[in-house]
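Topology and contacts: notes
So the chains spell out like this:
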Amino acid sequence: MSEMQWWKNLLKSSSREKSPLEQEELPEILPVLPLKDAILLPGGNLPLIVSNPAAIALIKNLYDSGSVIAAVGMKRHTELQLASWENIYHIGCMAKITKVSPLKPNEISIMIRGIHKIALDEQVNASPGMTARVSYLSENLEADREVYALALSSREILSQLARLSFQNLDTVLSSLSRIKDPVVLMSATTTNLPFPVEKKQQILEKFSLQEKYTLLHSALREELEILELSSKISEKAKGEINNAQREYFLRQQLKAIKNELGEGAADLDDEVEELKKELEDKELPDEVKSEIDKDLKRIARMQPSSSEYVTIRTYLDWILDLPWTETTPDNLEIPAVEKILDEDHFDLKKPKKRIMEFLAVKKLKSELKGPILCFVGPPGVGKTSLGRSIARAMGRKFVRISLGGVRDEAEIRGHRRTYIGAMPGRIVNGIKLAGTVNPLFMLDEIDKLSHDIHGDPASALLEALDPEQNNNFVDHYLNVPYDLSKVFFITTANVIDTIPHALKDRLEIVEIEGYTLEDKLQIAKNYLVPKEIEANGLSGRNIVIYDESLEYIIQYYTRESGVRNLQRELASCLRVIASEVARGSEETFCIGKDFIFKALGPLKYLPESTQRTHIPGIATGLAWTPYGGEILFVESALVQGKEEMILTGQMGDVMKESARLALSIIKSMGNPIAQDHCMHIHVPAGAIPKDGPSAGVTIVTSIISLLTGTVVRDDLAMTGEITLRGVVLPVGGIKEKVLAAKRSGITNIILPKMNEKDLHDIEGSLTRDLSIHLVENIEEVLKLAFPETEPEHSVLMHHHQQELEKAGITPPARA
Ligand SMILES: Nc1ncnc2c1ncn2[C@@H]1O[C@H](COP(=O)(O)OP(=O)(O)OP(=O)(O)O)[C@@H](O)[C@H]1O
Ligand SMILES: [Mg+2]
């Protein structure tokens, strides 16, 4: 039987002639047949396919005995696997099974015909087959004029649906549209047309035909509208519709309907349109354009609540927010730039000179690739703030990122978009903040970069910095090349050693050293004090600060290479004044010692070398740290113990070796105490790790002081590596060490002769009140350390030489 024929039969049987059964008495208890996704109305015929073996048996039984059943719809949105009393509607239809035909071994097709509207009052049996006690409901099926009008219009809609080939039901629909009897039309259409079961159930439950038609008619109209819309859309969206598109398609239908009903919001489209327009207006490289075109197309099809929409939207916003062509013109007027740099910072001649050179060349050759400068120096010497000042002088935007602790390549270069929560890396982020393609970009703390299993951030950084390749920097998130060649990169570091090698090669190191007392005084007087007065809202007030007061603060309240703590202490002083002013004080404020004591509390640092070295066994050394120079003490003591020596105070391996070396030198001098005692060497400030060979001479001096019972001169500090044969080798960080000695009130320092060249870099003013002794071997050191006694140590030295000579070894070279 063709489909058409089948439907014709079906419809023919939907006539109103009464079946013999209807005159029979109506049974009170009926077996329940739950209908999935279907509702049967009296007069309607519903074809079903049954595949559950138990149900098949039951149905065959009922069919053979000619029994009637209760056909009720199952509620949607419930777990539909099993029908239960709770998830079926309790208004349904008494029905008869009119046909059973086998389809496959375990499948039958049946036809049921609706006879009478019923209410299911209570469940009688739950299993195996559900049965229920029912009551029979009456209905008003009188057709008035309005019903005829609605029926007419419904037929019209049905034929339109047929034309639009609604769910491939054109034959059914055109047959339905020819049914004249309004009651038959209503029940057949409701039973057989695929629209939501909730609506069908409502129609079933209504009492009068007119109410039923009102509902049916509006359901049909809705279907028509959806169909019309979707045909419009599908015309536009030609070509195949894949699964992802299908969802969109349905959503569009929904949206259109909602709009039609005045419920929907049209802003989604507007939003995407606006974004599109903004992106079109922006000057973007072609490559970027073609990349985002794809995304724009995709986003237009998406639901704004979907996570993909948000992901793409965020990406497009990034593209939009990033500068692609925006630049600021460079100020290349050399004298003007110089003036601004001097306005902001005292001294710093080297870096300022380098910047002026760069500008001069840039003026001659506009396409100049920026150098990558690296300002190296102790904290608080103005590296970061100089960068800011250069940006101001050149008229460029300034951005700064800190690389301290960055260990993951993705932090520099971003995560691919496929990661949840992916973001661009810090470089692109910085550029976005700057808003121009040629900012001054400061990468702070490049020496604190580390790396782990997630790739090496240094190599990503290299790509960003290297002028040879950074016009095509690829951030994983952006996934399109970004031109960084116009950016002026400046990096900063406290130490050179820990900067990753490949990077160090590309950097132009500009050293910024610590400041002397005189420098600090100038900086405080001319820069920090005015700045803090301004910051505390005290401009125009009468404040007097003597130079001596500033020096006093510098000497007794700070101990640093830079001026950061100095700035902090000055700020504290001025805050005290500010609170007085706020209380209405009009007096002239004078910052003298008393005031300082009140504002800053007791002195924080005292010249300590004199106190420390008044007992034998202690010597003062000079150390270099990333935070500038420091004085350090080496203490020795003899203790009972089996070991040869104990080392404490967080010494690094190199320093430990120096200590062993020192002990060997002394033992070789033949001192009997050293031979059979355990030597304990301690470097105080045990919380701070110390390393390096430059404490060699200090350790030897400390031990000799102990063994000979002689106190080391208290105004003396020393530095120098030592060899097993007593030769003093050169060390690094001379300027910082000299500065540290001065800060601590030391007047004599011992330096290796081989460091003489470094003294040329140090300005005269720095060494003015300082005696510098250049030495070649340990004997000279000892002579300087113990000047008054012609003591045991020279006897020791003498013995040492004799021992060496006895063994046929040439004695250490002498000056
Ligand atoms: N030569 C100077 N002239 C004027 N002010 C200075 C000078 N050097 C430093 N300062 C001021 O000292 C403060 C600290 O400087 P900054 O933060 O730039 O130090 P830094 O070298 O970057 O330190 P770090 O290594 O800890 O980052 C700033 O307020 C700065 O203006
Ligand atoms: Mg800094």
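Structure: see above.
Residues numbered from 1 in each chain as written. Chains lettered and ligands numbered in written order. Predicted model: local features only at pLDDT ≥ 70, side-chain atom pairs only at ≥ 80, totals over all residues. Heavy atoms only, no water.

All right, on to the packing of aromatic side chains then. Applying the stated rule across the entire model yields seven aromatic pairs. Taken together, a centroid distance of 5.5 Å and an interplanar angle of 40° make the contact between Phe441 and Phe489 tilted. Taken together, the residues span a long stretch of sequence, with Phe441 in strand 9 (residues 440-444) and Phe489 in strand 12 (residues 488-493) at a distance of 48 residues. Across the pair, exposure class does not vary: Phe441 and Phe489 are buried alike. Ring pairing ties together the aromatic residues Tyr315, Trp318 and Tyr477, which thus form one cluster. Over the face of the ring belonging to Phe195 we find Lys200, whose NZ or CZ atom lies 5.4 Å from the ring centre. Sitting over the face of the ring of Tyr315, Arg417 holds its NZ or CZ atom 3.6 Å from the ring centroid. (Phe/Tyr/Trp six-rings, centres within 6.5 Å; stacked < 30°, edge-to-face > 60°. Helix = DSSP H or I, 4+ residues; strand = E, 2+ residues; numbered from the N terminus. Buried < 20%, exposed > 50% of the residue type's maximum accessible area, 1.4 Å probe, protein only. Lys NZ or Arg CZ within 6 Å of the ring centre and 35° of its normal.)

This paragraph deals with the sheet that holds strand 13 (residues 508-511). In spatial order, the strands read 8-9-12-7-13; together these five strands make up an open sheet with parallel pairing. Of all the strands in the sheet, just strand 8 (398-402) and strand 13 have a single pairing partner and so form its edges. When the angles between neighbouring strand axes are averaged without regard to direction, this sheet yields 25°. Two strands pair when backbone bridges link them, and strand 7 (residues 373-376) and strand 13 are joined in this way by four bridges, in the parallel orientation. Directly across from Cys374, in strand 13, lies its bridge partner Ile509. (Pairing = 2+ DSSP bridges. Axes fitted to C-alpha atoms, helices over the stretch in contact; angles between N-to-C directions.)

Moving on, we come to the site of ligand 1. Close to ligand 1 lie 19 residues, the nearest being Phe346, Lys383, Thr384, Ser385 and Gln567. Contact between ligand 1 and Ser385: an oxygen atom at 2.8 Å from a main-chain N or O atom of the residue. Note that an oxygen atom of ligand 1 is positioned 3.1 Å from one of the side-chain N or O atoms of Asn494. Starting from 640 Å² of accessible surface for ligand 1 in isolation, the protein chains cover 89%. Tallied by class, residues from the shell around ligand 1 come to eight nonpolar, seven polar and four charged. A domain-level breakdown of the shell around ligand 1 finds at least three residues from each of domain 4 (334-511) and domain 5 (517-600). (Near = heavy atom within 4 Å. Polar contact = N/O pair within 3.5 Å; in protein donor to acceptor, adjacent residues only side chain to side chain. Areas by Shrake-Rupley, 256 points an atom, 1.4 Å probe, with all protein chains shown as cover. Nonpolar A, V, L, I, M, F, W, Y, C, P; charged D, E, K, R; others polar. Domains from an automatic or database assignment.)

Looking now at the pattern of salt bridges. Following the criterion strictly, the structure yields 39 salt bridges and no others. With a closest N to O distance of 3.0 Å, Glu222 and Lys199 form a salt bridge. Remark: Lys199 occurs in helix 7 (residues 197-205) and Glu222 occurs in helix 8 (residues 209-236); sequence separation between them is 23 residues. Residue Lys199 is classed as partly exposed on the basis of its relative accessible area of 24%. A salt bridge links Lys735 to Glu513, with the shortest nitrogen-to-oxygen separation between them at 3.3 Å. In this pair, Lys735 sits in helix 28 (residues 734-743) while Glu513 sits in the loop between strand 13 and helix 20 (517-535), placing the two residues 222 residues apart along the sequence. Relative accessible area serves as the criterion here: at 25%, Glu513 is assigned to the partly exposed category. Each of Glu291, Lys294, Asp295, Arg298, Glu308 and Arg417 takes part in one network of salt bridges that share partners. (Salt bridge = Lys/Arg side-chain N within 4 Å of Asp/Glu carboxyl O.)

Moving on, we get to the side chain of Lys383. Structurally, the position occupied by Lys383 is in helix 15 (residues 383-394). The charged side chain of Lys383 is buried without a salt bridge, its nearest counter-charge being Asp444 at 7.0 Å. Setting aside anything within four residues of it in sequence, one finds Lys383 in contact with Phe375, Val376, Gly377, Pro378, Met442, Thr492, Ala493, Asn494 and Ile512. (Lys, Arg positive; Asp, Glu negative; His and termini not counted. Contact = heavy atoms within 4.5 Å.)

A cluster of acidic residues, Asp270, Glu273, Glu274, Glu278, Glu280, Asp293 and Asp321, forms a negative patch on the protein surface. Ranked by residues supplied to the negative patch, first place goes to helix 10 (residues 267-281) with five residues. For Glu274, the location among the structural elements is in helix 10. (Patch = residues over 30% accessible without salt bridge, like charges linked within 9 Å, V, L, I, M, F, W, Y side chains within 5 Å. Charge placed at Lys NZ, Arg CZ, Asp CG, Glu CD.)

Bringing the packing of helix 21 (residues 547-557) against helix 23 (residues 593-600) into the picture now. The N-to-C vectors of helix 21 and helix 23 enclose an angle of 40°; their axes lie 10 Å apart at closest approach. Between helix 21 and helix 23, the interaxial angle falls into the category oblique. For the crossing formed where helix 21 meets helix 23, the hand is right-handed. Every residue of helix 23 that contacts helix 21 at Ser549, Tyr552, Ile553 and Tyr557 is listed here: Lys593, Ile596, Phe597 and Leu600. Of the residues belonging to the contact of helix 21 with helix 23, the class tally is six nonpolar, one polar and one charged. (Parallel < 35°, antiparallel > 145°, perpendicular 65-115°, else oblique. Left-handed = near helix turned anticlockwise from the far one by under 90°.)

Right, let's talk about helix 20 for a bit. Of all bends in helix 20, the biggest is about 45°, found at Ala524. Turning to helix 20, its buried residues are Asp519, Lys520, Leu521, Ile523, Ala524, Tyr527, Leu528, Val529, Glu532 and Ile533. Close packing links the buried residues of helix 20 with helix 13 (334-344), strand 14 (543-545), helix 21, helix 22 (564-582) and helix 28. Residue Gly537 follows helix 20 closely and has a positive phi angle near 65°. (Bend = angle between axes of the 7 residues up to and from the residue.)

Bringing unusual backbone geometry into the picture now. Phi is positive for Asp347, which is not a glycine, with a value near 60°. Classification of Asp347 as partly exposed rests on a relative accessible area of 25%. The phi angle at Asn479 is positive, at roughly 65°, despite the residue not being glycine. With respect to the secondary-structure elements, Asn479 resides in the loop between strand 10 (473-474) and strand 11 (481-482).

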